[in-house]
Amino acid sequence: MDCSEARRKISGFINDELSLKDTVAFQDHVRHCASCRDETEVQLLIHASVDEQADGDLRTYDLRNLLDKKTASQVRYLRRMRLLTFFFLFLAAVLIGIFIFLLLSI
Ligand SMILES: [Zn+2]
């Protein structure tokens, strides 16, 4: 992922709209690119600030920690969803197999 693609994905990253592949690519890019990491941290701070105003609660933020926590939780969520999808596809394949077996044995 290059800088211009990373910049376009910042909003999607913050709003949990990226796929697992894009999230991992984005995470790899911002880990090695100080410029995009700074931009992401600023955007995250603005996003957190808007949430904070909605909560009416003032806090200070550790930007790097905020970005790392966001990235880690997003990757965990997307991996869980992928595992769940695989499980349901596997279950559907087993049920179809049983159905075909029953049809053929009648
Ligand atoms: Zn970059």
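Reading the values: the criteria
Residues numbered from 1 in each chain as written. Predicted model: local features only at pLDDT ≥ 70, side-chain atom pairs only at ≥ 80, totals over all residues. Core = buried A, V, L, I, M, F, W, Y, C linked by C-beta atoms within 7 Å. Buried ≥ 20, exposed ≤ 12 C-beta atoms within 10 Å, placed from the backbone. Helix = DSSP H or I, 4+ residues; strand = E, 2+ residues; numbered from the N terminus. Contact = placed C-beta atoms within 7 Å. Axes fitted to C-alpha atoms, helices over the stretch in contact; angles between N-to-C directions. Parallel < 35°, antiparallel > 145°, perpendicular 65-115°, else oblique. Left-handed = near helix turned anticlockwise from the far one by under 90°. Nonpolar A, V, L, I, M, F, W, Y, C, P; charged D, E, K, R; others polar. pLDDT = per-residue confidence, 0-100.

Turning our attention to the nonpolar core. The nonpolar side chains of a soluble globular protein tend to be buried with one another. By size, the foremost hydrophobic cluster in this structure holds 7 residues: A6, I10, F13, L18, F26, V30 and C36. Taken together, the elements giving at least two residues each to this core come down to α1 (3–14) and α2 (20–32). In terms of residue count, the dominant contributor to this core is α1 (3 residues). Other than its neighbours up to four places away in sequence, L18 contacts K9, G12, F13, T23 and F26.

On to the environment of H29, then. Along the chain, H29 falls in helix α2. Look at H29 and you get partly exposed, because 19 C-beta atoms sit within 10 Å. When the C-alpha positions of H29 and A6 are compared, they lie 7.2 Å apart, and in sequence the two are 23 residues distant. Those residues within four positions of H29 in sequence are excluded, and the remaining contacts are M1, A6 and C36.

A few words now on the packing of α1 against α2. As a packed pair, α1 and α2 sit with axes 11 Å apart at the nearest point and diverge in direction by 120°. One element, α1, and the other, α2, form an angle in the oblique class. The hand of the α1/α2 crossing is left-handed. Taking contact as the criterion, the partners of A6, K9 and F13 in α1 are, on α2, D22, T23, F26, H29 and V30. Taken together, the residues of the contact of α1 with α2 sort by class into 4 nonpolar, 2 polar and 2 charged.

Here we come to unusual backbone geometry. Even without being a glycine, D16 presents a positive backbone phi close to 60°. Relative to the helices and strands, D16 is located in the loop between α1 and α2. For D16, a count of 12 C-beta atoms within 10 Å corresponds to the exposed category.

So, on to the confidence of the model for the protein. Across the protein, the average pLDDT comes to 85, with 86% of residues at 70 or higher. The spread of mean pLDDT over the elements of the protein runs between helix α3 (residues 34–55), the lowest at 80, and α1, the highest at 94.

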